[in-house]
Amino acid sequence: MINFSYTRAGGVAEAVREKSKANGAGRFIAGGTNLVDLLKENVERPTRIIDITRLPLTTVEEGPNGGLRLGALVSNADTAYHPEVQKRYPALARAILAGASPQLRNMATNGGNLLQRTRCYYFYDVALPCNKRVPGSGCPAIDGQNRVCGVLGTSEACIATHPSDMCVALAALEAVIRVSGPNGERTIPIADFHRLPGSTPHLETTLAADEIITAIDLPKNPYAEHSVYTKVRDRASYAFALVSVAALLELDGDTIKSARLALGGVAHKPWRLPEAEARLVGKTATKENFLPVAEALMKGATGYGHNTFKIELGKRAVVRALQLAAKGTAAVRGVNGQVAAAESVA
Amino acid sequence: MSTVLDLPPVAHTSPADRPASAPPEKSAITLTINGVERRLEVAPWTTLLDLLRESLDLTGTKKGCDHGQCGACTVLLDGKRVNSCLTLAIMKDGAGVTTIEGLADGPTLHPMQQAFVDCDAFQCGYCTPGQICSAVGMITEGHAQTDDEIRELMSGNLCRCGAYPNILAAVKQAYAATQAKHAA
Amino acid sequence: MTTTEYLGKPTSRVDGPAKVTGEAKYAAEFNVPNLAYGYIVSSGVTRGTIKSINAAEVEKIPGVLKVLTHENAPKTASLDRSHRDQLASTHGSPFRPLYQAELQHSLQPVALVVAETFEAARYAASLVQVEYEIAPHETDLHGSRAKAHPPKDSRTGYVPPPKKPRGTPEEAFEKAPFKVEAEYYQPAEHHNPMENFASTCVYGEDGKLTIYQKTQGVQNCQEYICSVFGLSKDEVQVISPFMGGGFGAGLRPTHELYLSVLAATALKRSVRVSMTRQQMFSFSHRPETIQDFKLAATPDGLLDSVTHTAIQESSRYEEFLETVVNWSGLVYTCPNVRLDHQLVYLDLASPADMRAPGAVTGLYGFECAIDELAYQAKLDPLAFRLKNYSEKDQNLDKLYSSKELREAYRQASEKFGWDQRPLDPRSTRRGSDLIGWGMATGCWEAMQGKAAAKAVLTPDGKLVVSSATSDIGTGTYTVMTMIAAEFSGVPIENVSFELGDSSMVYSPVEGGSWTVSSVGSAVKTVCEELKARLFKLAGKMDGAPLGDAKVEDVTFDQGEMRVTKNPVRNVTYAEALQANGLDKLELDTTELPQLVKQMTHGVYSHSAVFVEVAVDEDLGTIHVTRVVSAIAGGRILNPKTARSQIMGAIVWGISMALEEESMLDHQFGRFMNHNYAEYHVPVNADIHDIEVIFVPEHDDVVNPLGAKGLGEIGIVGVAAAVTNAVWHATGKRVRSLPVTLDKLL
């Protein structure tokens, strides 16, 4: 960990000013669960750290048009257990609770969760090359230990994944990110917030260096009765997703009126394909109808050896998530959104 | 082939760029630790965990991974369980901290501590303070009712000795004791 | 069996309160004034040479006291011999930190930054730049298997396989109707105890060193430091009252010990060096192993041929040896056996003993292959094992000192409900899960080593027994206290046991499940000698309180001697000391193994483990829903901690079966998942019902206590049982560990 100075911002404008002043070598800190980790690994080497925990962004409020607004500094735990989130956005609650550990969820904030950095082994190991960490140094994950890496939207420069569970649900919910910068406020749809790696994997979001996330707006949606988050991982808890799926269905009897699907663990951003979702409209909620959608979602996927299984696993997880969503939110038990015997579909 | 693989820092390319930088300035903060108010001078780079262990001799809080991946450093911060290894102390000015040293009532163990002894919920003992603080925090949170929920919500604390079934038993014993106390 | 006061009764840990209150102090927790902090800089390169390190530049950073590298580190002993600890191979060149420019493995220490604070040391370490001349390395066991060769060296505890085959295994294989030919693979694994290795080296005013060290053997560390640094034993004291898990990683002195002593003696100041979690991947690990099996059975299901070849990695600089294949020649009766153990030198840190070293590897593959063979023969896996039950150790042609494995099979299988198991795989479903049942046998050698114990009784009636052993979480403090109370007649609340100090009487390292056997036997003997001395003291007292009773007529308990048939004639231990004007009664004894008895027997503990798994048919996720393990491990002294130890070992077995794998990148020759987030060990949610059964087993050959030790036996066979259950659930025979979901898709 390098030597850095510390300042505590009293307001959003001050935070933005401090960040601008630091010329790219400043970092906001709130929960610290990702930044302090990366500081200790020498992956992040800022000279100035700006504490934003005292900013007034700590409430969950009714949003515009019947939606819900999540303050950027509300903890992941408080968000997940918030009665309105549980009632209206159960897939989000479950996605959050499927991530990290109770301690980390108590610390981590909603804004920070959006900005989580990848868990690719090479990104974390400063002795080795990584285009995301040191542009131009190479991507050894492509021929290396890439079990945790992505299969969709990858590039020759980077095959890392976005590690968040929360963001997968936000993508399915078409959340809108509210940000504040020197020129005032603006909003970014979640689909445009995270980038694909392309030739610039070090650029992970469309947030400008001097902008701060202030809130996440969750639009009103008709999916609460059929919302699930299915996470497949290498151990039962406290592990990053190999593949995860947020599946939201609007049903009329057995017929699908509309659907949303987002995948985690497979790409540099939560993966959505609205045209695949559209293929579900008007169909009955059966495995036979889910399969082609799963195929479509994983179309064009590339495996890199250790992670090639994610292509098949992704399809199966999509089908499973849709089956569970069709059964209904209430029918799927478990606090962690994990596939357990209790969630069986047979 | 000759190469430098230890990559340069982002902000400084060599120590010469940032010479001399005296150790970072310390700031005054106040923490109430196990009920005792303490005025402390801390540098920005000091975690709550290192502050407790290296400066305050409160070594009951353990360092297992130092990266939020094991839970050994769990303390209660304003009543909530957190990983003290990922908490910069300077950010917590004014907060209350309860560590494993603050749970017992004099010579009388906290019911969770007693349950861990009764149920043999540890072997080497290194994850134990974190497990106990985590379990106390979990009961306050109030989201764990069934065995599976306890297992899940205690999964932020690794135990390499594999005492999990006994940890589950201990948490249930202490939880029942707490419920009985409330009912009485 | 005689009735006992303490032994055999479930007893809570005597060190429990210290551990649950945070009072128990571990190596990095002894805070002394003016302590400096060392932070290790690890190599980013595997082979090659260090061309330069900007140490002088980094030393200018305020707060930095010293940057030690191979260029400026004080010289230590020159001969390899001086660097070999008790468990080193006999001819290797043990790794020496900061010794040479040449690199031996990735993540090896290349510099130690010593600073006034931990944070300053960590900061300065982040600015250390090392320029390397990179040379090619070899870390791929599969790619290098053609270079496998028999071991050349030897080591304490290593038993080479029998030189000649038994019978004619090839012929038997050729003609047999039921055959299995299979290769099994186990990746490297790291011990990853919760506590990182740490050393607090306190530099005394007189230059003497008091080292608070994470270790499984304080005297092994003391001898090593004395030998390496040319110090005498009275200049070095190594202390380790508590240890946050070892599992074998702390049997040999670790490099942060060397570095803390190097820095403390160079600076003449107390220094603490702790490893980071990443650096816990920079030394010992369970070696990656490829195993080839050829097994065959006769038409009526008798095991007729076993060929087992293991190919293991070793470091290039010293051979690591563990007993892998021998088990396959003794677990079942078989007339035709060929066993072979080979090594491949790789550019990795030396492997090390890791919980049940060798056996856990060999019996993983063998017990899976046996399962395959049983199915070939259309026999239930338990029935097959019973049919081939071994009544003697055929490798050594010796009878067993005791072997209640049959009873273990019976009790565990009944508890499990094994008789309901369908023979064919994919026979049982529960919702979207396939359910499978598997079982395996475990075996571990019951060893005893030389050990000493010292007893000090004071006139207040308190007894302190000590030995330089460790409690790595196994319950040593508790069981030794129980043994001492049992055999001294001092009530347990007046007994304490002390350990973990190199100045105490001799103990071997704590490992191999031999601590109760070795140290416990010494404790028993010293306490019996104590009683004899007390009896003599009573005889010298005025008024002869015990009259003319002989020692065998006297009962020793509750801190009192009394004539058994005439209890009014009695005297307390305290009175005996006081009347003789003694301020204490002190004696020690050294207990040697009962070699003659032991040499004439095969001396083993056994287990029978039964496992249920639920495998999600579509997603491949595996849950171990139920485990029943029955242990034939001799006499169980403390059932409470014994159960915990076996339960924990089962969790290790599940971990080995489903989760653990140190992933090597061969391009860099480096373990890549060097943290607790990506090196998976089970979390609470992974673990469900585990039932432990102890089968009564009498054995007066193993040691005077009849206890065989429990540290290892619980893990042996578990990975095989889980793998066999996964096959039974899915019909897929996964022959490489860990059995992750991708292997089932």
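Within every chain, residues take consecutive numbers counted from 1 along the sequence as written. Written order determines the labels here, with chains lettered from A and ligands numbered from 1. Given that this is a predicted model, residues contribute local features only at a pLDDT of at least 70 and side-chain atom pairs are listed and counted only at 80 or more, while totals for whole chains, interfaces and linings are drawn from all residues.

A closer look at the overall build of chain A
Here comes step 1: Helix numbering and strand numbering both begin at the N terminus, where a helix is a DSSP run of H or I of at least 4 residues and a strand a DSSP run of E of at least 2. Check the secondary structure of chain A and you find 13 helices and 11 strands.
Here comes step 2: For chain A, the spread of C-alpha atoms along the three principal axes comes to 60 × 50 × 35 Å.

Considerations on the overall build of chain C
Here comes step 1: Along chain C, the regular secondary structure elements total 16 helices and 31 strands.
Here comes step 2: A globule of 745 residues ought to have a C-alpha radius of gyration of about 27 Å, and chain C, at 27 Å, matches this closely.
Here comes step 3: Over its C-alpha atoms, taken along the principal directions, chain C stretches across nearly 80 × 75 × 50 Å.
Here comes step 4: Exposure is read from a count of other C-beta atoms within 10 Å of each residue's own; the residue is exposed at 12 or fewer, buried at 20 or more and partly exposed in between. C-beta atoms are placed from the backbone. Residue burial in chain C is summarised as follows: out of 745 residues, 65% are buried. Values of the radius of gyration come from C-alpha atoms, whereas the globule rule sets the reference at 2.2 Å times the count of residues to the power 0.38.

Thoughts on the interface of chain A and chain C
Here comes step 1: Across the boundary between the two partners, chain A contributes 30 residues, which contact 31 residues of chain C.
Here comes step 2: Residue contributions to the side of chain A that touches chain C peak at 6 residues, all from helix H13 (residues 309-327) of chain A.
Here comes step 3: Classifying every residue of the side of chain A that touches chain C by side-chain character gives 17 nonpolar, 6 polar and 7 charged. Each residue is represented by a C-beta atom placed from its backbone, and any two residues with such atoms within 7 Å are regarded as in contact. Residues are grouped as follows: Ala, Val, Leu, Ile, Met, Phe, Trp, Tyr, Cys and Pro are nonpolar; Asp, Glu, Lys and Arg are charged; every other residue, Gly included, is polar.

Things to note about the interface of chain B and chain C
Here comes step 1: Of the residues lining the interface, 62 residues belong to chain B; the matching set on chain C comes to 62 residues.
Here comes step 2: Breaking the side of chain B that touches chain C down by element, the ones donating at least two residues are strand E1 (2-4), helix H1 (48-55), helix H2 (111-118), helix H3 (128-141), helix H4 (147-153) and helix H5 (164-183) of chain B.
Here comes step 3: With 5 residues, the top contributor of residues to the side of chain B that touches chain C is H5 of chain B.
Here comes step 4: Of the residues assigned to the side of chain B that touches chain C, the class counts are 33 nonpolar, 16 polar and 13 charged.

A look at the confidence of the model for chain A
Any region with low pLDDT has predicted coordinates that should not be read closely.
Here comes step 1: Across chain A, the average pLDDT comes to 95, with 96% of residues at or above 70.
Here comes step 2: pLDDT gives the predictor's per-residue confidence on a scale running from 0 to 100. A low-confidence stretch, residues 335-346 of chain A (pLDDT under 50), is modelled with 45 contacts involving residues beyond four sequence positions or located in other chains.

Examining the domain arrangement of chain C
Residue and element names in this part refer to chain C.
Here comes step 1: Its domain assignment divides chain C into domain 1 (31-136 + 194-245 + 250-281), domain 2 (145-189 + 285-447 + 599-744) and domain 3 (449-592).
Here comes step 2: Boundaries between domains were set according to an automatic or database domain assignment. If you average the C-alpha positions of domain 2 and of domain 3, the two centres end up 40 Å apart.
Here comes step 3: Facing 19 residues of domain 2, the contacting portion of domain 3 comprises 16 residues.
Here comes step 4: Taken together, the residues of the side of domain 2 that touches domain 3 break down into 10 nonpolar, 7 polar and 2 charged.

Some details on the packing of H3 of chain B against H5 of chain B
Residues and elements named next belong to chain B.
Here comes step 1: All axes here are fitted lines through C-alpha atoms, helices being fitted over the stretch that makes contact, and every angle between N-to-C directions spans 0 to 180 degrees. Between H3 and H5, whose axes approach to 11 Å, the crossing angle comes to 45°. Of the possible angle classes, the one that applies to H3 and H5 is oblique. With respect to the hand of their crossing, H3 and H5 are arranged in right-handed fashion. Side by side, H3 and H5 meet where Gln-131, Ala-135 and Ile-139 of the first sit next to Ile-167, Val-171, Ala-174, Tyr-175 and Thr-178 of the second.
Here comes step 2: Here the residues of the contact of H3 with H5 sort into 6 nonpolar, 2 polar and no charged. Orientation is classified from the angle alone, with under 35 degrees giving roughly parallel, over 145 giving roughly antiparallel, 65 to 115 giving roughly perpendicular, and any other angle giving oblique. What makes a crossing left-handed is the near helix being turned counterclockwise from the far one by less than a right angle; a clockwise turn instead makes it right-handed.

Describing the nonpolar core
Here comes step 1: Joined through C-beta atoms within 7 Å, a set of buried Ala, Val, Leu, Ile, Met, Phe, Trp, Tyr and Cys residues constitutes a nonpolar core. Ranked by size, the top nonpolar core spans 424 residues in total, and within it Val-113 and Val-722 of chain C carry the most contacts.
Here comes step 2: Once you skip the residues sitting within four places of it in the chain, Val-113 of chain C turns out to touch Gly-38, Tyr-39, Val-41, Val-58, Val-64, Val-67, Ala-121, Ala-124, Ala-125 and Val-128 of chain C.

Some words on helix H7 (residues 255-267) of chain C
Given 3.6 residues per turn, any residue in an α-helix points the same way as the ones three and four places further on.
Residues and elements named next belong to chain C.
Here comes step 1: Multiplying 1.5 Å by the residue count of a helix minus one yields the expected span of that helix. With 13 residues, H7 extends 18 Å between its outermost C-alpha atoms, agreeing within 8% with the 18 Å of an ideal straight helix rising 1.5 Å per residue.
Here comes step 2: With respect to burial, H7 is a largely interior element, 10 of its 13 residues being buried.
Here comes step 3: Among all positions in H7, only His-255, Glu-256, Leu-257, Tyr-258, Leu-259, Ser-260, Val-261, Leu-262, Ala-263 and Ala-264 are buried.
Here comes step 4: Once H7 ends, the next one or two residues include Lys-268, with phi positive near 50°.

Digging into the sheet that holds strand E25 (residues 585-591) of chain C
The strands that make up a sheet pair up through hydrogen bonds in the backbone, lying either parallel or antiparallel.
Residue and element names in this part refer to chain C.
Here comes step 1: At least two bridges found by DSSP between two strands is the condition for calling them paired. Ordered by their spatial adjacency, 4 strands build an open sheet running E21-E20-E19-E25, and the pairing between neighbours is mixed. The outermost strands of the open sheet, each flanked by one partner alone, are strand E21 (495-498) and E25. For this sheet, the mean inter-axis angle between neighbouring strands, taken without regard to orientation, is 15°.
Here comes step 2: As judged from the 4 bridges shared by strand E19 (residues 451-457) and strand E20 (residues 463-466), these two strands associate in the antiparallel manner. Counted as the bridge partner of Leu-457 is Leu-463 from E20.
Here comes step 3: Docked against the sheet, helix H11 (residues 476-488) engages E20 and E21, running at close to 135° with respect to E21.

Description of the sheet that holds strand E2 (residues 26-29) of chain A
Residues and elements named next belong to chain A.
Here comes step 1: One open sheet holds the 3 strands; their spatial order is E1-E3-E2, and the pairing between them is parallel. Two strands in the sheet have a free side with no partner beyond their single neighbour: strand E1 (5-8) and E2. For this sheet, the mean inter-axis angle between neighbouring strands, taken without regard to orientation, is 25°.
Here comes step 2: Seen against the sheet, helix H1 (residues 12-21) touches E1, E2 and strand E3 (48-51) and runs at an angle of roughly 150° to E2.

Description of the domain arrangement of chain A
Interface size is often expressed as the accessible area that is lost when the parts come together.
Here comes step 1: Its domain assignment divides chain A into domain 1 (1-54) and domain 2 (226-330).
Here comes step 2: Distance from the C-alpha centre of domain 1 of chain A to the C-alpha centre of domain 2 of chain A: 36 Å.

Looking at H3 of chain B
Residue and element names in this part refer to chain B.
Here comes step 1: Here H3 contains 14 residues, and its C-alpha end-to-end distance of 20 Å stays within 8% of the 20 Å for a straight helix at 1.5 Å per residue.
Here comes step 2: Of all the 14 residues making up H3, 11 are buried; the element is thus mostly covered by neighbouring parts of the structure.
Here comes step 3: Residues of H3 that are buried: Thr-128, Pro-129, Gly-130, Gln-131, Ile-132, Cys-133, Ser-134, Ala-135, Val-136, Gly-137 and Met-138.
Here comes step 4: Just downstream of H3, Gly-142 is the residue with a positive phi angle, here 80°.

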